[in-house]
Amino acid sequence: MRTTGSREVYRNSWIRVREDTIELADGSTGLYGVVEKADFALVMPAENGGFWLVEQYRYPLGRRSWEFPQGTWGAGKSGSAEDLARAELAEETGLRAAGLAHLGRLDLASGLMTQRFDVWVATDLTPGPTAREATESDMQAAFVPESELRRMIRGGRITDSPSLAAYSLLLLAQ
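All figures in this text were calculated on a predicted structure; none of them were measured in a lab.

What follows deals with the overall build of the protein. Looking only at helices and strands, the protein features three helices and ten strands. In the protein, the succession of α and β elements from N to C terminus is β-β-β-β-β-β-β-α-β-β-β-α-α. Along the longest, intermediate and shortest principal axes, the C-alpha atoms of the protein span 60 × 35 × 30 Å. A buried classification covers 35% of the 174 residues belonging to the protein. At a minimum sequence separation of 6, the contacts of the protein that also span at least 24 residues come to 56%. Approximately 9800 Å² of the protein is accessible, and the part contributed by carbon and sulfur atoms is 52%. If the 19 positive side-chain charges of the protein are averaged to one point and the 24 negative ones to another, these points end up 2 Å apart.

In structure tokens:
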């Protein structure tokens, strides 16, 4: 497959959408829409046989969603993937981690977008103040025993794909 052209069709502070014209191996042509979005960190804060989750309203879904803390750097901020994981954990839950282990790097939606994410397990947690963004003002954090997390997944109460993929990586690492 070869890209023969590309044009930007939309941009805002969070995403860029481009449309690429392509030529396939057989000579036929096609069109690809690609969403470019900054990579993010997902953190699984683990202690006492369970995890800290956050719940917030997700506008595209029109409902609240339980998930592991996750996010990207805000405008004008940057750092390593580990720095981002620590920042998101503190921002959304108020927790600080003495231990942070990297479980892997995953593609969010490889047929649609460039965005990837790093999965971390945070341990030896210490509480502190949150620093949530305005869009996270309705966010709630709650400790969930692992048995309850599994029930929430099976019952369809946790449907966030990155959170489910992260939990799968954790299970494979055990």
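Taken in spatial order, the three strands of this open sheet run β1-β2-β3, and their pairing is antiparallel. Edge positions in the sheet fall to β1 (2-11) and β3 (29-37), since each of these pairs with one other strand and no more. In this sheet, adjacent strand axes meet at a mean angle of 25° when their direction is disregarded. Where strand β2 (residues 15-23) meets β3, nine bridges bridge the pair, whose relative direction is antiparallel. Along β3, the bridge assignment pairs R16 with E36.

Relative to the 18 Å expected for 13 residues at 1.5 Å per residue, helix α1 (residues 81-93) spans 18 Å between its end C-alpha atoms, a close match to the ideal helical length. Those residues of α1 not exposed but buried are L84, A85, E88, L89, A90, E91, E92 and T93. After α1 finishes, the residue G94 shows a positive phi value of roughly 85°.

Procedures and definitions
Residues numbered from 1 in each chain as written. Predicted model: local features only at pLDDT ≥ 70, side-chain atom pairs only at ≥ 80, totals over all residues. Heavy atoms only, no water. Helix = DSSP H or I, 4+ residues; strand = E, 2+ residues; numbered from the N terminus. Buried < 20%, exposed > 50% of the residue type's maximum accessible area, 1.4 Å probe, protein only. Contact = heavy atoms within 4.5 Å. Areas by Shrake-Rupley, 256 points an atom, 1.4 Å probe, with all protein chains shown as cover. Lys, Arg positive; Asp, Glu negative; His and termini not counted. Charge placed at Lys NZ, Arg CZ, Asp CG, Glu CD. Pairing = 2+ DSSP bridges. Axes fitted to C-alpha atoms, helices over the stretch in contact; angles between N-to-C directions. Expected span 1.5 Å × (residues − 1).

Read these as layout, nothing more, since geometry by itself doesn't imply function.
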